[in-house]
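Structural overview
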Amino acid sequence: MGADIHGFVECRATYGTLDEDKARWHAAIDLDLLYGGRSYDAFGCLFGVRNHAGFRPLAGDRGIPADVSSRTRQAYQEWDPDGHSPSWISWAELATVDWDEVPPGCGGW
């Protein structure tokens, strides 16, 4: 049995106001449109799921954010029971990743 990553890229929109309290998250694009396949190394590196290489997960087991968009929350509920191990990661975190780092379980590919 395989494992897939399901989810959305979300954007936070204030719609003409700079008031952070009024900003809301909106599902901008489904990951299925950006990601065509399975990569257990990516799953392990990002979220600690199927982490056969022994990566230190960047965003493991964070759960669903309280302020997630209604579209993402609805999709998560529809994936049940396949929607396990929910998590999230910010663009700022992804921008700081050393994509050349060798995972401990690979012994220096």
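Residues numbered from 1 in each chain as written. Predicted model: local features only at pLDDT ≥ 70, side-chain atom pairs only at ≥ 80, totals over all residues. Heavy atoms only, no water.

1. Observations concerning the packing of aromatic side chains
- The full count for this structure, using the stated rule, is 2 aromatic pairs.
- Centre to centre, the rings of Phe8 and Trp79 are 6.5 Å apart; their planes meet at 25 degrees, and the pair counts as stacked. Of this pair, Phe8 sits in strand 1 (residues 8–13) while Trp79 is found in helix 2 (residues 70–79), placing the two residues 71 residues apart along the sequence.
- Residue Phe8 is classed as buried on the basis of its relative accessible area, which comes to 17%.
- Seen in terms of ring centroids, Tyr40 and Phe43 are 5.6 Å apart; in terms of plane orientation they differ by 65 degrees. Their pairing is edge-to-face. Within this pair, Tyr40 and its partner Phe43 are both found in helix 1 (residues 40–47), separated by 3 residues, close to a single helical turn. (Phe/Tyr/Trp six-rings, centres within 6.5 Å; stacked < 30°, edge-to-face > 60°. Helix = DSSP H or I, 4+ residues; strand = E, 2+ residues; numbered from the N terminus. Buried < 20%, exposed > 50% of the residue type's maximum accessible area, 1.4 Å probe, protein only.)

2. Notes on the confidence of the model for the chain
- Overall, the predicted model of the chain reaches an average pLDDT of 81, with 86% of residues at or above 70.
- When mean pLDDT is taken per element in the chain, helix 2 scores highest with 90 and helix 1 scores lowest with 83. (pLDDT = per-residue confidence, 0-100.)

3. Observations regarding unusual backbone geometry
- For Arg50, which is not glycine, the phi dihedral falls at a positive 55 degrees.
- Of note, Arg50 is situated in the loop between helix 1 and helix 2.
- Judged by relative accessible area, which is 30%, Arg50 ranks as partly exposed.
- Of note, the phi angle at Asp61 is positive, near 55 degrees, even though the residue is not glycine.
- Looking at the secondary structure, you find Asp61 in the loop between helix 1 and helix 2.

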